[in-house]
Amino acid sequence: MYRSGAVMAWNVFRFCTALRGLGSIMILLVLGVVGVTYYAVVLTNYGPALASSGGFLDALVALSVLVLFHCLLVMLLWSYFSVVFTDPGSVPLNWRPELDEERGEADPLTTSEFGASPADSGNPRIRFCRKCNQLKPPRCHHCSVCGRCVLKMDHHCVWVVNCVGALNYKYFLLFLFYTFLETTVVTLSLLPQFIEFFSDGEIPGTPSTLATTFLAFVLNLAFALSVLGFLIMHISLVAANTTTIEAYEKKTSPKWRYDLGRKRNFEQVFGMDKRYWFLPAYSEEDLRRIPALHGLEYPSKPDLDAQE
């Protein structure tokens, strides 16, 4: 029994170490896919089509594809690096809760309840992380890959080499959104060239450009389909004001304390300022009036007990 537990712990440790080691490799992989796609769409197909000016309609189509492609690419990369370089949220030093918000209790926590060592107090009203040796705010979880507690942790994403939490969840959603739009545009724009591969006529281009176009089409089609599934899942999570971890933990619970209705749930992630909804940023006003954006306090339904 002890040996099997030790082996499992060692395997988890090795897995987390491997995920940390991916690091820049995953970023380079993302940039590599972007590079292949850019070469196929801009340099191989629609750039030359625009320059050749074979006709007004052809030039208009090429210009439209290029403008849309570059706009979505800018938003994709902006969102992506916002997720990569934004701290998902750490527990402030010496942080202590005033109320047991996660259990829905309104009675203030007293100093005596913390005791000399919160880890040994045995008080169910106090959430304590034994790995970090610190108190845990509501909706906070420990990430074994990052080796620390993350505010409103959703999951650790190898593609962004970072945890997705309270402070960068919106950026992650926008990254999924713009990735889906970009890969869909690329797939549709390269579809005529892809169909030509299976025609009997002669296909213009060198073997390398044809291979790049074929590869870019297949990669973007695969990413569009896979990202669509993730996007649908996270839209449902936002609508219920929950995270991937919380959805798993409360799968048998009929009600959720933090579900405030779709409109308010949406605002807890994207803010109230519509001008910033599709940008990986928040307005100063939203940061002042929405405490949930800082990851430490969350409004909840006072008439519901929290579901563990």
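Please read these numbers as outputs of a predicted model, since none were measured by experiment. (Residues numbered from 1 in each chain as written. Predicted model: local features only at pLDDT ≥ 70, side-chain atom pairs only at ≥ 80, totals over all residues. Heavy atoms only, no water.)

What follows is about the overall build of the protein chain. When helices and strands are counted, the protein chain shows eight helices and six strands. Considering the protein chain as a whole, with its 308 residues, one finds that 42% of them fall into the buried category. Restricting the contact set of the protein chain to residue pairs at least 6 apart, pairs at least 24 apart contribute 62%. Carbon and sulfur atoms make up 65% of the accessible area of the protein chain, which amounts to about 16900 Å² in all. (Helix = DSSP H or I, 4+ residues; strand = E, 2+ residues; numbered from the N terminus. Buried < 20%, exposed > 50% of the residue type's maximum accessible area, 1.4 Å probe, protein only. Contact = heavy atoms within 4.5 Å. Areas by Shrake-Rupley, 256 points an atom, 1.4 Å probe, with all protein chains shown as cover.)

Moving on: the side chain of Asn 168. Examined against the element boundaries, Asn 168 turns out to sit in the loop between β6 (162-164) and α4 (169-196). Taking relative accessible area as the criterion, Asn 168 reaches 0% and is therefore assigned buried. Here the side chain of Asn 168 touches Gly 165 through a polar contact of 2.8 Å, landing on its backbone nitrogen. Look past the residues within four positions of Asn 168 in its chain and what remains in contact with it is Val 83, Thr 86, Pro 88, Asn 162 and Cys 163. (Polar contact = N/O pair within 3.5 Å; in protein donor to acceptor, adjacent residues only side chain to side chain.)

Moving on: the environment of Ser 199. Relative to the helices and strands, Ser 199 is located in the loop between α4 and α5 (207-239). Of note is the side chain of Ser 199, whose polar atom sits 2.7 Å from the backbone oxygen of Glu 196.

All buried positions along helix α7 (residues 262-270) are accounted for by Asn 265, Glu 267, Gln 268, Val 269 and Phe 270. Taken together, the buried residues of α7 touch α4 and α5. Trailing α7 by a residue or two, Gly 271 shows a phi angle of about 85°, which is positive.

Our focus in this paragraph is the UniProt feature "transmembrane region" (unreviewed entry) in the protein chain. Per the UniProt annotation, the sites labelled "transmembrane region" (unreviewed entry) are residues 21-41, 61-81, 171-195 and 215-240. Helix makes up 100% of residues 171-195 and strand 0%, whereas the separation of the span's terminal C-alpha atoms amounts to 35 Å. Structurally, residues 215-240 is divided into 96% helix and 0% strand, and its ends, taken at the C-alpha atoms, are 38 Å apart. (UniProt positions renumbered as here; feature names shortened; annotations may be inferred.)

Time to look at unusual backbone geometry. A negative phi holds for most residues other than glycine; trans holds for most peptide bonds. Even without being a glycine, Asn 94 presents a positive backbone phi close to 60°. Residue placement: Asn 94 occurs in the loop between α2 (56-85) and α3 (111-114). Relative accessible area serves as the criterion here: at 70%, Asn 94 is assigned to the exposed category.

We now examine the pattern of salt bridges. Any two side chains of opposite charge can pair, on the condition that their charged atoms come close. Evaluated as defined, the whole model comprises six salt bridges. In this structure, Arg 275 engages Asp 273 in a salt bridge whose closest nitrogen and oxygen atoms are separated by 2.8 Å. What makes Asp 273 buried here is its relative accessible area of 12%. (Salt bridge = Lys/Arg side-chain N within 4 Å of Asp/Glu carboxyl O.)

Looking at the element boundaries, Thr 213 is found in helix α5. A residue is classified by how much of its surface remains accessible, and Thr 213, at 4% relative accessible area, is buried. Sequence separation of Thr 213 and Phe 194 is 19 residues, and the distance between their C-alpha atoms is 7.6 Å.

Counting residues in each nonpolar core, the largest one holds 43 residues, and the members touching the most others are Tyr 80, Val 160, Tyr 169, Phe 172 and Leu 173. Secondary-structure elements contributing two or more residues to this core are α1 (2-52), α2, β1 (128-129), α4, α5 and α7. If one sorts the elements of this core by residue count, α4 sits on top with nine residues. In contact with Phe 172, not counting residues within four places along its chain, are Val 83, His 155, Cys 157, Val 164 and His 234. One finds Val 41, Val 65, Phe 69 and Phe 217 within the second-largest nonpolar core, a separate group that totals 15 residues. (Core = buried A, V, L, I, M, F, W, Y, C linked by side-chain atoms within 4.5 Å.)

Next up on the list: the confidence of the model for the protein chain. Any region with low pLDDT has predicted coordinates that should not be read closely. In the predicted model, the protein chain carries a mean pLDDT of 84, and 79% of its residues have values of at least 70. A low-confidence stretch, residues 1-10 stays under pLDDT 50, and its non-local contacts, those more than four residues away or across chains, total zero contacts. (pLDDT = per-residue confidence, 0-100.)

This next bit is on the environment of His 156. Mapped onto the secondary structure, His 156 falls in strand β5 (residues 155-157). Put simply, His 156 and Cys 146 are 10 residues apart on the chain and 8.2 Å apart in space, counted from C-alpha to C-alpha. Residues contacting His 156, with those up to four places away along its chain left out, are Cys 143, Val 145, Cys 146, Asn 162 and Cys 163.

On to the packing of α4 against α5. For the pair α4 and α5, interaxial distance at closest approach is 7 Å and the crossing angle is 145°. In terms of crossing hand, the pair formed by α4 and α5 is left-handed. (Axes fitted to C-alpha atoms, helices over the stretch in contact; angles between N-to-C directions. Left-handed = near helix turned anticlockwise from the far one by under 90°.)

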